[in-house]
Amino acid sequence: MTARPLIGISTYEESGVRWGAWRMDAALLPLGYPRLVQRAGGLAAMLPPDAPEQAAATVARLDGLVVAGGPDVEPARYGAEPGPRTGPPDRARDAWELALVRAALERRVPLLGICRGLQVLDVALGGTLVQHLDGHGGVPGVFGRHPVKPVPGTRYADAVPEETSVPAFHHQAVDRFGTGLIPSAYAADGTVEAVELPTGAWVLGVQWHPEMDEDLRVVRRLVQAAAPP
């Protein structure tokens, strides 16, 4: 039996989480993320926040990496002042996930960034972000949907060649592309919805939330890229 590749997924810390009679601090990840990896043929490993200097050793144990969605990246990370609609920073998470992405890029570990994860990827490579845009999410707590169109000839288009409707909830996006990144999908209003590295290891970021959908094609490509030879 072929071994299933081990795919790490970043998690985040929340204080005062309640379950049953308990109320404690917790490392959290919506269940859709590990289920997505499992349905695509991978083994899911949840990665709780750690010291950034542990990122290289963590990534060295993985076959692939998913950086999950979440709050806004602190604008100071890309040399900007926070705008009026930018959320409060989570500096520890920023530091950990940026270190994970850089370690994955250095070790050529296949990588998928989801929503915030795309933005972390862009910032890790020296890019900048649009701090607020309208029309790319539903009401708080509910995902909206909108169409995205692939850029022909990209890795994303190779996986998903047609325009598709995707579940989304974001208010930030790529402004200046990080070094080496190219756009691989756009929304109807011209917003960049996916980015990738066109050569080398399989690296893709999508602005939407595939863990909230039935389409497994993108994550299957991650798992295939991460499969041991």
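From a predicted model like this one, the values you see are computed outputs, not experimental measurements.

1. Re unusual backbone geometry
Thinking step 1. In this structure, R108 takes a positive phi of about 60° despite not being glycine.
Thinking step 2. Overall, the relative accessible area of 54% leaves R108 in the exposed class.
Thinking step 3. The phi torsion at C115 lies on the positive side, around 55°, for a residue other than glycine.
Thinking step 4. With respect to the helices, strands and loops of the structure, C115 is situated in the loop between β6 (111-114) and α4 (116-124).

2. Some words on the sheet that holds strand β12 (residues 192-197)
Thinking step 1. Strand order in this open sheet of 9 strands is β4-β1-β5-β6-β13-β12-β11-β8-β9, and the pairing throughout is mixed. Here the strands that pair on one side only, and so sit at the sheet edges, are β4 (43-47) and β9 (164-168). Adjacent strand axes in the sheet meet at a mean angle of 25° when their direction is disregarded.
Thinking step 2. Note: strand β1 (residues 6-10) against β4, 5 bridges, orientation parallel. Note on β4: the bridge partner recorded for I7 is A44.
Thinking step 3. In the packing of helix α6 (residues 217-226) onto the sheet, the strands contacted are β1, β5 (64-67), β6, β9 and β13 (203-206), and the crossing angle to β6 comes to about 150°.

3. A short note on the environment of K149
Thinking step 1. Along the chain, the position of K149 falls in strand β8 (residues 144-150).
Thinking step 2. For the pair K149 and P110, spaced 39 residues apart in sequence, the C-alpha separation works out to 23 Å.

4. Looking at the environment of T164
Thinking step 1. Checked against the element boundaries, T164 lands in strand β9.
Thinking step 2. Sequence-wise, T164 and H146 are 18 residues apart; in three dimensions their C-alpha atoms are separated by 8.2 Å.
Thinking step 3. Once residues within four sequence positions are removed from consideration, T164 is found in contact with H146, P147, V148, Y156 and R217.

5. A word on the pattern of salt bridges
Thinking step 1. This model, assessed by the stated rule, comprises 10 salt bridges.
Thinking step 2. The partner of R39 in a salt bridge is E214, with the nearest N and O atoms 3.1 Å apart. With a gap of 175 residues between them, R39 in helix α1 (residues 32-39) and E214 in the loop between β13 and α6 connect regions that are remote in the sequence.
Thinking step 3. Overall, the relative accessible area of 37% leaves R39 in the partly exposed class.
Thinking step 4. Here D213 and R145 are joined by a salt bridge, their closest N and O atoms 3.5 Å apart. Within this pair, whereas D213 is found in the loop between β13 and α6, its partner R145 is found in strand β8, the two being separated by 68 residues in sequence.

6. Points about the side chain of S10
Thinking step 1. With respect to the helices and strands, S10 occurs in strand β1.
Thinking step 2. Since its relative accessible area comes to 0%, S10 is described here as buried.
Thinking step 3. Among the polar contacts made by the side chain of S10, one reaches the main-chain amide nitrogen of A68 at a distance of 3.0 Å.
Thinking step 4. Apart from residues lying up to four places away in sequence, S10 is in contact with L29, L47, V66, V67, A68, E97 and L100.

Conventions adopted
Residues numbered from 1 in each chain as written. Predicted model: local features only at pLDDT ≥ 70, side-chain atom pairs only at ≥ 80, totals over all residues. Heavy atoms only, no water. Buried < 20%, exposed > 50% of the residue type's maximum accessible area, 1.4 Å probe, protein only. Helix = DSSP H or I, 4+ residues; strand = E, 2+ residues; numbered from the N terminus. Pairing = 2+ DSSP bridges. Axes fitted to C-alpha atoms, helices over the stretch in contact; angles between N-to-C directions. Contact = heavy atoms within 4.5 Å. Salt bridge = Lys/Arg side-chain N within 4 Å of Asp/Glu carboxyl O. Polar contact = N/O pair within 3.5 Å; in protein donor to acceptor, adjacent residues only side chain to side chain.

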